[in-house]
Amino acid sequence: MKRRKGWAFWGIVLLIGGMLIAGPTPAAAAAPAGTLKMAIHWGLSADWLDPSSNSALIPSQITLYLFHDALFKPMPDGTYSPCLAESWTVSPDAKTYEFKLRQGVKFHNGDTMTAEDVIFTYWRYKANQAKIIHDKTEKVEAVNPYLVRFKFKEPFPDFLEAMLPGSTTIGWIVPKKYVEKVGEAGYKKAPVGAGPYKYVEFVAGQRLIAEAFDGFWRKTPSIKRLEFSIISEPATRLAMAGRGEVDIATLMQGVFYENLKKDPKLRMLAPLSPSRWTVYMTAQWDPKSPWANPKVRKAASLAIDRKTLADIHMPGCGPIGGLPLEGDAMGVELPPDPYDPAQAKKLLAEAGYPNGFHGGKFYPYEGGYWPYGEQVANYWKAIGITVDTVLLDRPAWFATRQGGKMKGGIFIDNIQPATIGGRLLYLFGQTGYGNYPDILEVWSKYQKETSAKVRKDLIQNIQKMIYDRTMFIPLTSTNSPAAVGPRVKGNPWKIQPLIWFTAPFEDMELVK
Amino acid sequence: MMEKAEFDYLLKIRDLKMHFPVKAGIVMDRVIGWVKALDGIDLTIKPRQVLGMVGESGSGKTTLSKALLLLEKPTCGEILYEGKDIHSLTGPDLKAYRRTIQAVFQDPFASLSPRLRVREIISEPLEVSGTLSRKELETKALEALRTVGLDTGLIKVYPHELSGGQRQRVAIARAISTDSRIIILDEPTSALDVSIRLQIIHLLMDLQQKLELSYLLIGHDLAMVAYMSTDIAVMYLGKIVELGETKELLQNTAHPYTQALIAASLPDHPRLK
Amino acid sequence: MRGEFWNELKDIWRRVPKIAVIILLLLIVTALSADFLALHDPEIGDPRQRLLPPAWEETGKWSYPLGTDTMGRDVLSRLIYGSRVSLIVAFAAVIIAGCIGTFLGLLAGFFGGWVDQVIMRFTDAWLSIPTVMFGVLMAVILGPGVWNIVIILGGTFWSRYARVVRGETLSMKTRDFVQLAKIAGCGKARIIWKHILPNVFSSVITLSSLQIGIVIVVEASLTFLGVGVPPPKPAWGLMLSEGRGGLLAGYWWLVIFPGVAIAMLVTSFNVIGDWLRRYLDPFYRNIE
Amino acid sequence: MKRYIIRRFFLGIIVVWIVSVLIFGATRIGPDPALMIAAPGADEAELSAIRDRFGLNEPLPFQYAIFIKKAIQADFGESVYYGLPVAEILWQRLPASLMLVGAATLIALGFGISAGVLAARRRTGFLNNFLRWFSFLGLSMPNFWIAMLFILIFSVKLQILPTGGYGTFWHLLMPAFSLGWYFSAGYTRITESSLLQVLNSEYIKLCRVKGLTEFAVVGRHALKNALIPVVTLAGMNIVLMISSAVAIEMVFGWPGLGLLMYHGAVYRDFNVVQAVILCISVLMVFMNLLVDILYAYLDPRIRYD
Amino acid sequence: MDNNTLLHVTGLKTYFFSFAGTRIVKAVDDVSFDIRRGDRLAVIGESGCGKSTVAASLLRVLPPSAKTVGGEILFEGEDLLKKSNREMNDIRGRRIAMILQDPMMSLDPVFTIGRQLGETLERHTPLRGESLLRRIKELLTAVNIQEPERRINQWPHEMSGGMRQRIVGSIALSCEPKLLICDEATTNLDVTLQLQYLNLLKELQEKTGVTLAFITHNLGIVAELCTTVIVMYAGKIVERAPVMDVFDSPAHPYTKALLDAAFGLQDTRKRRPIPGEPPNLANLPPGCSFHPRCIHADDRCRKEEPPEADMGPGRSAKCWHPGKE
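Please read these numbers as outputs of a predicted model, since none were measured by experiment. In every chain, residue numbers begin from 1 and rise along the written sequence. Chain A is the first chain written and ligand 1 is the first ligand written, with later ones labelled in order. At least 70 in pLDDT is required for a residue's local features to be given in this predicted model, at least 80 for side-chain atom pairs to be given and counted, and no such filter applies to totals for whole chains, interfaces and linings, which use all residues. Working from all heavy atoms in the structure, the side-chain values ignore hydrogens and water.

### Points about the overall build of chain E
Of the regular secondary structure elements, chain E holds 11 helices and 12 strands. Expected size for 325 residues packed as a compact globule is a radius of gyration near 20 Å; at 21 Å, chain E falls within 12% of this value. Overall size of chain E, expressed as C-alpha extent along the three principal axes, is 70 × 50 × 40 Å. Exposure is judged per residue with a 1.4 Å probe applied to protein chains only, and the accessible area is read against the type maximum: over 50% gives exposed, under 20% gives buried, and values in between give partly exposed. Residues classed as buried in chain E amount to 58% of the 325 residues present. By sequence separation, contacts in chain E at least 24 residues apart represent 62% of the contacts at least 6 residues apart. Carbon and sulfur atoms provide 49% of the accessible area of chain E, an area that totals close to 13400 Å². The centroid of the 42 positive side-chain charges in chain E is displaced by 2 Å from the centroid of its 41 negative side-chain charges. Helix and strand definitions here come from DSSP, where helices need a minimum of 4 consecutive H or I residues and strands a minimum of 2 consecutive E residues; each element is numbered from the N-terminal end. Note on method: radius of gyration uses C-alpha positions; expected globular size equals 2.2 Å times residues raised to 0.38. Residues are treated as being in contact if the distance between any of their heavy atoms lies within 4.5 Å. The Shrake-Rupley method, run with a 1.4 Å probe sphere, supplies the accessible areas, and residue values consider only the shown protein chains as cover. Only four residue types enter the charge count: Lys and Arg as positive, Asp and Glu as negative, with His and the chain ends excluded. Note that the charge is assigned to NZ on lysines, CZ on arginines, CG on aspartates and CD on glutamates.

Written as structure tokens, this is what we have:
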């Protein structure tokens, strides 16, 4: 208690002092001050401190935006916002990419970033898709210290997309000299990057502390110190926010969300996340299954009241009709199916199931989202489709999903890649459970195509085909409501829904 | 009942030794010595004999009775019953021996299974050793109850509803229900109230006469043992130090330990002290 | 005879902790007749009736006497059906634990020697494994489900029984009546079954009535941790866990009612267990 | 006495060995861990790399042998989830756990023993009834629920204690109390019954007829004898506490072993789970030894067995 | 009451209350007796007749469920029932000492012998330090314990049964009490040890002049040691007499029955058992409580409680037919 007040006090003193010295310069340019505390709901891994082993899962992005910087990354001004690269060019055959690096970018240890670091980072990368990307690569070379050229063996039109968070972290640059000096294990213990904040302390499962890096190229962060405490229990997070022990408490769903609205001291901010809840019916490729009939799938879609579903489980979210994120240039926005149980029943009768049918195993999404799946099953029950619900917690759900063991069943998937291309890759690739030959044909054409315009046509075509036969049942968008205390200025969620966390951190400010 | 006329003894104990190991060791136990609970006992129990056995606690009286009752296996020596060592008996012979020898213990509260009814308690030795039907068992149990002077209505009752004296009568009824010939009485009255004690002793003496039983009576009260026994054996540190007919032994005491026991007995009357 | 039986029953009734017994009986009756008592489906809610307060509050409705939860399910109906889940889980787990523990304890105590060594080392190992943690681990591995929870709780709680029963068996073994049964020639099975088991049974019952309270609480804890009774089953622990935010949020009825229900049930079991412990222990009977 | 302790120690090692087999076995049931660790869309090569990293490619007996060999050197491998050596995490978490359990034990013992003594001394009366109900109540409510009530009362309404986290004495109070309250009932019970038993013994009667004051009789003679079973229970409860603390640690965000183990189980971080449970069993064996020694101090009959 | 009377008890009533006072057991019901200085009194009767409760009432160390509800206990002229608990603590162990039923279990297992002996002395005498230690050694020597220096630091479980008994005796006598109550002090003892112990007590009495009160069911002890006898039955004193009179011509049928049922090595006649069972104190028969087992019982015995009949100097019997053969 006292300590926090102390910080605030000294923060203000420093601030005033800074203003006196600097005169009428804008406050943002002043020295960083104050401490912002957050109670977050997910555990952090030491693997995430290092971009090369960062698994690019959504929760891992916090450390990326905090300590590191990428060639380009989603920022408030756009998805492909130039950062460490000032600009880049793509050859017409999509085989050669050239990145012009920003000059004078400093790592936390004072090293200057050059093309060497980019090449080093590229080959050091070892998380998901590393092998696929490295196999495609012919050569990476430094044309000059500030110009990097990637050459691929085959056209690689998705390279930029693959560098977005959620796919890979191959574009997040680490300092070559430092890594070579401290070694892999040493780097994890004291990571150094080019991001807005310096690493101070990480205690697994307990807390992460970061301090402002005044040499950050974009701007000096406004807040001196960021403290993230891992508090799994939502009621505690809420109470902490309510008491002012923390300024931001994440994941306030359900009852907590309702409460948040009542507390005058707290604000409720619900940044959207790129995830999309979608029903995946693997049984549709089994001709004997009722799900093979598109009418049945449509009926199952019409049976769901998406609005209520969102209101109860994802307040602030809306129904969705297609797969892409809003604003995706390659995506097609399609209307969500209305809630029409009568029509659903009619379709079922037409398909030959007037009394409904037993739909096999149903796997709701992992752990905390069971009630969401439960509600979906309840809607189906109302029109006569019964399912055997199988509840799996997070790792078991992933293992079952990944291991192909949900075959023959229905599951609610959480589709996370940020772009429609990434999403389709996720649904049609390794982790897919089946496909239609005509859609696959278009998909393979799209993957080889280099012309941007044709690519757009092809991918939009695929989306329409998927929609027409109700290959998936899109449900609702998702969000991550958070309680925000009075000390936080404005809305710290600047990038959403692509990055659902409070990024960029250097833009966050405390109320003066 | 079988006639066993060819043997003039019921039990013959020859050079019976019982040694218990003293163990020590950190992980595995090693034997570092022996306690000689019985150290060469020779003894014969004849039909219709009441053999009293006195000695201080730890002298081996109870260990001997356990050997006779097949509860402990002796280290060496033998106990003959109808010419055979009881510890090598099997099958029907073993069952027959078990029917022959029974026991009544000191504490009437501990010697009756608390969750069994009187009927089951009395008929158990017969039930496990014979082939009698339920009906016959019940008849036998009733008969035994009458013999020990208890109301037959008690047959359905649990032990905790009985008084101490009644319990000891039930224990005796159980011991005689198998038409046994030897009963080991291990301090049968020392846990009873003074006013009940003699009732039980008289019952035992009557039964001995009527059913032609032999008793091995273990006790530490010399007066009580002398009152009941035809013969007395004095035990000291695992050995029988003196053995003789009751009157004879009390009048012409040979062993100093027996003399000490008699001297320590309290007087019957203040004038006699 | 009949009159005696009634007299005995009356005598016992005079001594039992009446409130606890009445509460327990009421809960059992509720659990048995849940189908008649409940007004609504406990698992499927009406999304339009979400978060209604209890009927006596301003915005409450009498068709939902104790209010509704976030999914619009009737709290009272869930409580009523929940008594069934809670009691079944607790009883089944304790019965499983009691059977395993009593069996192993009897074996260890009666046979002694290496049987005892093996069983007791195993029991020690089990006792030194942190129960709740192991429960969490097993629950995670086996996956959520009512019967999985029963198996896990039964499989972790047996060790105390084994300890207690072994100790009792050891002391029973030296009792005169067991010795006399051996003298009569009773087989081992008969001695265990007829002489030892009935006498250790009272301790098993006493222990059970105390364990059952612990089992209910542990079940609630596992559920709170997300590895216990899975939704949408109407279990009290689950209601408490799902509605726990309501305590801070002003939806107190989501938490207070299941909390009070658990506390009442567990307290009843504890009071009865405590009484049994005293009643069945001759030492306590003498000084009362 | 020395022999007794050494013997207990060897038995303890056997117990730890059984625990290690049990835990190792339990963690290997279920789906392939590599699938749970890998990111969505991982191919066989990636899975194989993961299995290599965590030693999952060997046959099970080999894995066990390696696990034991390393565990003896206090090397529990790498945490699958946290990406750090398990031993390092364990050392970070152990103090928090011990602090919580230590404080809770003190609270439980302090409250439990005093309530037990009062209950045994006066069989009726308001204070006795109050204490009895109070301890029953602690036993009857799930401790996470008590923890939340504490937060509501002391943090939200009264605003006197910090809600969650770790660091100062004030952070310790609520977790320790909610854990200690639950366990105090057991101590009340056992103190009461053993004290009653002791108070009825011949030697206490002798103390009374010797004319000793009530304080000397109860405080010196009776309590020292009656505490022997309490010590046993306390030894056993330490481990139960570490494990029961899971929910409390979760509520308060207290970084102890319970929370570590819970997240380990939930993330299928087997190396962590194995290490925590093994660590606690060793702790248990160690505690039991300590209890044995304490026993010998309390009860001289054991000193010369 | 003359100066020779050490203890004068009149109308003592001690009841046990169970089940919240709904069941009352009159363990001691209207008991009056005197003990003269230097006497060796025996209180006999079978278990549950209230003799131990009398002793506990005298020292006011009753279990919580029991309460003395009436009477007067004058010890050297002071009424013990009117004393505060603190004053009683000064009397216990100092002026009235007691040896309990089971001397084997009477020593606290977790304190050394020296500590337990010293504790009593510290409580009641000004002895401290060296002098205390000296006194402890003296006391141990007085009860024939060798090497007192070594024994002081030993624990009770390291001693033999006989030794423990002697230590209990030395604790009882450590503050030179006026009255020593021995409550079944020799049950569970081997005969040889029993005699040793009785001899020790006799010797100590001769040395210190303490008054002894023996509570026992063993008539042998009475014959061996005592001068006066009180016979109790069902919570009441049924006979009081000098020891010779009791053995020669018992006045109460119960006393006679007890004598007839006892064994002796010298007297080997056929004994006569007492019929029936001891009464249940919670449910006493009307009239004389011994009547169901009495051979002389008539209608009056069954209906009316007999008065205390005076039978000469120091003798009385509570019977309608005292001395009837």
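### Section: the packing of aromatic side chains
Geometry of aromatic contacts follows a simple scheme: Phe, Tyr and Trp rings, the Trp one being its six-membered ring, pair when their centres are within 6.5 Å, and the pair is stacked under 30 degrees between planes, edge-to-face over 60, tilted otherwise. What the rule picks out here adds up to 75 aromatic pairs over all chains. Ring geometry for Y233 of chain E versus Y254 of chain E: centroids 4.5 Å apart, planes at 55°, classification tilted. Remark: Y254 of chain E occurs in helix α10 (residues 253-261) and Y233 of chain E occurs in strand β9 (residues 228-233); sequence separation between them is 21 residues. One exposure class covers both Y233 of chain E and Y254 of chain E, and it is buried. Linked through ring pairs, W277, Y280, W285, Y365, Y369, Y372, W397, F398, F411, Y433, Y436 and F472 of chain A together constitute an aromatic cluster. Across the ring face of W217 of chain A, the terminal group of R102 of chain A is positioned such that the distance to the ring centre comes to 3.9 Å. Lysine NZ or arginine CZ positioned within 6 Å of the ring centre and within 35 degrees of the ring normal marks a charge as sitting over the ring.

### Overview of the sheet that holds strand β17 (residues 472-479) of chain A
Residue and element names in this part refer to chain A. A pair of strands is labelled paired if DSSP reports no fewer than 2 bridges between them. The sheet built from five strands is open, its strands ordered β15-β14-β16-β13-β17 with mixed pairing. The strands lining the two open edges of the sheet, one partner per strand, are β15 (385-389) and β17. In this sheet, adjacent strand axes meet at a mean angle of 30° when their direction is disregarded. In this analysis an axis means a line fitted to C-alpha atoms, helices contributing only their contacting stretch, and an angle means the value between N-to-C directions, from 0 to 180 degrees.

### Some thoughts on the sheet that holds strand β8 (residues 214-218) of chain B
Within a sheet, adjacent strands bond to each other through the backbone by hydrogen bonds, running parallel or antiparallel. All names here are of chain B. The six strands are arranged β6-β7-β8-β3-β9-β10 in an open sheet whose pairing can be described as mixed. At either margin of the open sheet sits one strand with a lone partner, and together these are β6 (101-104) and β10 (239-245). The mean angle between the axes of side-by-side strands here comes to 20°, regardless of whether they run parallel or antiparallel. Of the strand pairs in this sheet, strand β3 (residues 50-54) and β8 are connected by four bridges, and their pairing is parallel. Pairing of G52 across the sheet is with L217, part of β8. Helix α1 (residues 61-68) contacts β3, β6, β7 (182-186), β8 and β9 (231-236) of the sheet and is inclined by roughly 150° relative to β7. Helix α2 (residues 91-100) contacts β6 and β7 of the sheet and is inclined by roughly 35° relative to β6.

### Considering empty space enclosed by the protein
It is the rolling of a water-molecule-sized probe over the atoms that shows where space remains empty. In this analysis, the protein atoms alone were mapped onto a 1 Å grid. Cavities are point sets where a 1.4 Å probe fits without being able to get out; pockets are open sets with protein on both sides within 12 Å along at least five of seven lines; lining residues have an atom within 4 Å of a point. Grid points are joined across faces, edges and corners, and a volume is the space filled by probe spheres set on the points. According to the stated counting rule, one finds 17 cavities of 30 Å³ or more in the structure shown. Within this model, the largest cavity holds a volume of roughly 130 Å³. Considering the residues around the largest cavity, the lining is formed by 14 residues, among which G321, G322, I466, Y467 and P474 of chain A are closest to the centre. At the level of secondary structure, the elements contributing two or more residues to the lining of the largest cavity comprise α9 (294-302), α16 (452-468) and β17 of chain A. Looking at the lining of the largest cavity, the element that brings in the most residues is α16 of chain A, giving three residues. Taken as a whole, the second largest cavity encloses approximately 100 Å³ of empty space. If you trace the second largest cavity, you find it lined by V255 of chain A together with D69, T70, R73, V75, R78, M239, E242, G243 and L254 of chain C. Looking at which element gives the most residues to the lining of the second largest cavity, the answer is helix α10 (residues 236-243) of chain C, with three residues. Only Asp, Glu, Lys and Arg are considered charged, only Ala, Val, Leu, Ile, Met, Phe, Trp, Tyr, Cys and Pro nonpolar, and every remaining residue, Gly among them, polar. Its residues assigned to classes, the lining of the second largest cavity shows four nonpolar, two polar and four charged.

### Overview of the interface of chain C and chain D
The partner chain D presents 56 residues to the 48 residues of chain C that form the contact. It is M133, F224 and L225 of chain C that lose the most area in chain C upon contact with chain D, and together they represent 14% of the buried surface on that side. The term salt bridge refers to a pairing of a side-chain nitrogen on Lys or Arg with a carboxyl oxygen on Asp or Glu at a separation within 4 Å. For the interface between chain C and chain D, the tally reads one salt bridge. The residue D274 of chain C makes a salt bridge to R189 of chain D at a minimum N-O spacing of 2.8 Å. Two N or O atoms form a polar contact when they lie within 3.5 Å of each other; inside protein one atom must be a possible hydrogen donor and the other a possible acceptor, and for residues adjacent in sequence the pair counts only when both atoms belong to side chains. Inspection of the chain C/chain D interface yields four residue pairs in polar contact (both at pLDDT 80 or more). Listed by contribution, the elements that provide at least two residues to the side of chain C that touches chain D are α5 (113-128), α6 (131-142), α7 (146-173), α9 (188-224), α11 (245-249), α12 (253-280) and α13 (282-287) of chain C. It is α12 of chain C that provides the largest number of residues to the side of chain C that touches chain D, a total of 12 residues. When two components associate, each loses some accessible surface as probed by a 1.4 Å sphere; the sum of these losses over both components is called the buried area.

### Re helix α11 (residues 257-266) of chain D
Within α11 of chain D, 10 of the 10 residues are buried, which leaves the element mostly enclosed by the surrounding structure. Structurally, α11 of chain D contributes buried residues whose contacts are with α13 (394-402) of chain A, α6 of chain C together with α5 (86-121), α10 (214-252) and α12 (270-298) of chain D. Looking one or two residues beyond α11 of chain D, the residue adopting positive phi is R268 of chain D, at roughly 55°.

### Description of a nonpolar patch on the surface
Patch membership requires over 30% relative accessible area and the absence of a salt bridge. Like charges are linked within 9 Å, and nonpolar side chains (Val, Leu, Ile, Met, Phe, Trp, Tyr) within 5 Å. A surface patch of nonpolar side chains, amounting to about 240 Å² of accessible area, comprises V22, I32 and V35 of chain B. With respect to the helices and strands, I32 of chain B occurs in strand β2 (residues 30-45).

### Examining the pairing of β9 of chain B
All names here are of chain B. Counted residue by residue, β9 has five buried out of six residues, so it is predominantly covered. As paired elements, β3 and β9 share four bridges and run parallel to each other. When the sheet's bridge partners are listed, G52 is paired in β9 with I232. Hairpin remark: β9 followed by β10, antiparallel, with two residues in the connecting loop; positive phi at L237, about 50°.

### Re the packing of α6 of chain C against α11 of chain D
The contact between α6 of chain C and α11 of chain D brings their axes to 9 Å, and the two run at 10°. Taken as axis vectors, α6 of chain C and α11 of chain D run roughly parallel relative to one another. Facing M133, V136, L137 and V140 of chain C of α6 of chain C, the residues of α11 of chain D in contact are L257, G258, M261, Y262, A265 and V266 of chain D. The residue makeup of the contact of α6 of chain C with α11 of chain D, split by class, is nine nonpolar, one polar and no charged. To sort the angles, those under 35 degrees are grouped as roughly parallel, those over 145 as roughly antiparallel, those from 65 to 115 as roughly perpendicular, and the leftovers as oblique.

### Re the arrangement of the chains
Taken together, the eight pairs of chains in contact show their highest number of contacts between chains C and D. Here chain A and chain B are not in contact; the least distance found between their C-alpha atoms is 42 Å. A minimum C-alpha distance of 47 Å separates chain A and chain E, which share no contact.

### Describing the confidence of the model for chain E
Detailed reading of the predicted coordinates is not advisable wherever pLDDT falls low. Averaged over every residue, the pLDDT of chain E is 86; residues scoring 70 or more account for 98%. If you check the scores for this complex, the pTM reads 0.83 and the ipTM reads 0.81. The quantity known as pLDDT measures the predictor's confidence residue by residue, on a range of 0 to 100.

### Notes on the packing of helix α4 (residues 75-111) of chain C against α9 of chain C
All names here are of chain C. In the contact formed by α4 and α9, the axes pass within 7 Å of each other and the chain directions differ by 140°. Taken together, the axis directions place α4 and α9 in an arrangement best described as oblique. Relative to α9, the crossing made by α4 is right-handed. Here the residues of the contact of α4 with α9 are counted per class, giving 17 nonpolar, four polar and two charged. Handedness of each helix crossing follows the sense of rotation of the near helix against the far helix: counterclockwise by less than a right angle gives left-handed, clockwise gives right-handed.

### Looking at the nonpolar core
Counting 254 residues, the largest nonpolar core has F228 and F505 of chain A together with V136 of chain C as its most contacted members. For this core, the leading source of residues is α10 of chain D, giving 20 residues. Discounting chain neighbours no more than four positions away, the residues touching V136 of chain C are L222, L225 and V227 of chain C together with M261, Y262 and A265 of chain D. Throughout, nonpolar core names a set of buried Ala, Val, Leu, Ile, Met, Phe, Trp, Tyr and Cys residues whose side chains join them through atoms within 4.5 Å. Counting 151 residues, the second-largest nonpolar core is a separate cluster that includes M205 and M228 of chain B together with L80 and F247 of chain E.

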